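# Summary of the model geometry
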Amino acid sequence: NPIISDDDNATTSIGETITLNALSTPNRLGQVSSLSWDFDGDGIEDDSGMIVDASWDSPGTKTVNLTASSPTGASMTTSHNVEVQDLEIPVAVITGNGIRGLNGEWRLLRIADLQLSAVSSFDDDLISSNSWSIDGEPFSSATLITVSWSEIGSHLIKLTVTDGSGNIGFVNTTVVVYDS
């Protein structure tokens, strides 16, 4: 009867290693000839031995199966759930096709268009939503936006990105509208 334990209370985060062990599995009589670990539930051995390391690239509850086999061919499988958490805050990145000033601000000729994109934003899992605001007012949830103004002035644009676990990241940028 295999026994699985770990030192991390069955919790880890995306990309982080958790050490699993079967050291408490009864084997005083040498009845265990091999231990086979399946980390993704596909029935294929991912590792073997008494102590193994595992990691996952997505959040959620992961079921680890451990099969102990005896020299006579008998086997027994037990399961252990590991909670993989997404603790990483997504990184919001604004890119665009316009002219940048010395301080990184976007420079936009009055009545011209400026396209801004959230495509380069990233996370250790996935970006599930985008939210743009201009001068504190909600503007769009699209990945790509186009802005233009007929009056000169300065405008604050904020991009907020959310990942599948609800973590939020944001970035601000300024657009300076000028007249030729």
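Residues numbered from 1 in each chain as written. Predicted model: local features only at pLDDT ≥ 70, side-chain atom pairs only at ≥ 80, totals over all residues. Heavy atoms only, no water.

With that out of the way, let us pick up the overall build of the protein. If you tally the helices and strands in the protein, you get zero helices and 17 strands. Over its C-alpha trace the protein gives a radius of gyration of 26 Å, far above what one expects of a compact globule, namely 16 Å for 180 residues. By the burial criterion, 34% of the 180 residues in the protein qualify as buried. Considering only residue pairs separated by 6 or more positions, the protein has 58% of its internal contacts joining residues 24 or more positions apart. One way to put it: in the protein the 6 positive side-chain charges average out to a point 12 Å from where the 25 negative ones average out. (Helix = DSSP H or I, 4+ residues; strand = E, 2+ residues; numbered from the N terminus. Rg over C-alpha atoms; globule rule 2.2 N^0.38 Å. Buried < 20%, exposed > 50% of the residue type's maximum accessible area, 1.4 Å probe, protein only. Contact = heavy atoms within 4.5 Å. Lys, Arg positive; Asp, Glu negative; His and termini not counted. Charge placed at Lys NZ, Arg CZ, Asp CG, Glu CD.)

Overall, the predicted model of the protein reaches an average pLDDT of 95, with 100% of residues at or above 70. The least confident element of the protein, judged by mean pLDDT, is strand β10 (residues 99-100) at 92; the most confident is strand β14 (residues 137-140) at 98. (pLDDT = per-residue confidence, 0-100.)

Moving on, we get to a nonpolar patch on the surface. A surface patch of nonpolar side chains, about 270 Å² in accessible area, is lined by L23, M50 and I51. Turning to its location among the elements, M50 is positioned in the loop between β5 (47-48) and β6 (51-54). (Patch = residues over 30% accessible without salt bridge, like charges linked within 9 Å, V, L, I, M, F, W, Y side chains within 5 Å. Areas by Shrake-Rupley, 256 points an atom, 1.4 Å probe, with all protein chains shown as cover. Salt bridge = Lys/Arg side-chain N within 4 Å of Asp/Glu carboxyl O.)

To continue, consider the sheet that holds β5. Strand order in the open sheet formed by five strands is β2-β8-β7-β4-β5, with mixed pairing between adjacent strands. The open sheet is flanked by β2 (11-13) and β5, the only strands paired with a single partner. As judged from the ten bridges shared by strand β7 (residues 60-69) and strand β8 (residues 75-85), these two strands associate in the antiparallel manner. Residue pairing in the sheet places G60 in a bridge with V84 of β8. (Pairing = 2+ DSSP bridges.)

So, about the environment of G49. By the secondary structure assignment, G49 is in the loop between β5 and β6. Sequence separation of G49 and L35 is 14 residues, and the distance between their C-alpha atoms is 5.4 Å. Excluding anything up to four places from it in sequence, G49 contacts L35 and W37.

Looking now at the nonpolar core. Within the largest apolar cluster, 17 residues are counted, with the highest numbers of intra-cluster contacts made by L114, L116, W132, W149, I157, L159 and V175. Of all elements in the fold, only β11 (106-109), β12 (114-117), β13 (127-134), β15 (144-147), β16 (153-163) and β17 (168-178) reach the threshold of two or more residues within this core. When near neighbours in sequence (up to four residues on either side) are disregarded, V175 contacts W106, L108, L114, W149, G153, S154, H155 and I157. (Core = buried A, V, L, I, M, F, W, Y, C linked by side-chain atoms within 4.5 Å.)

It is worth spelling out the side chain of H80 at this point. For H80, the position within the fold is in strand β8. A distance of 2.8 Å separates polar atoms of two side chains, one belonging to H80 and the other to D6. Leaving out residues up to four positions away in the same chain, H80 has contacts with I4, D6, A10, L20, K62, T63 and V64. (Polar contact = N/O pair within 3.5 Å; in protein donor to acceptor, adjacent residues only side chain to side chain.)

Before going further, it helps to examine unusual backbone geometry. Although it is not a glycine, A10 sits at a positive phi angle of roughly 60°. With respect to the helices and strands, A10 occurs in the loop between β1 (5-6) and β2. Even without being a glycine, D135 presents a positive backbone phi close to 50°. Among the structural elements, D135 can be located in the loop between β13 and β14.

What follows deals with the pairing of β16. Direction of pairing for β13 relative to β16: antiparallel, over a ladder of seven bridges. Following the sheet pairing, S133 is matched in β16 by K158. Strand direction decides the pairing type here: β16 and β17, joined by ten bridges, are antiparallel. By the bridge assignment, K158 is partnered in β17 with N172. Hairpin connection of β16 to β17: four residues between the antiparallel strands, including G166 at a positive phi of 90°.

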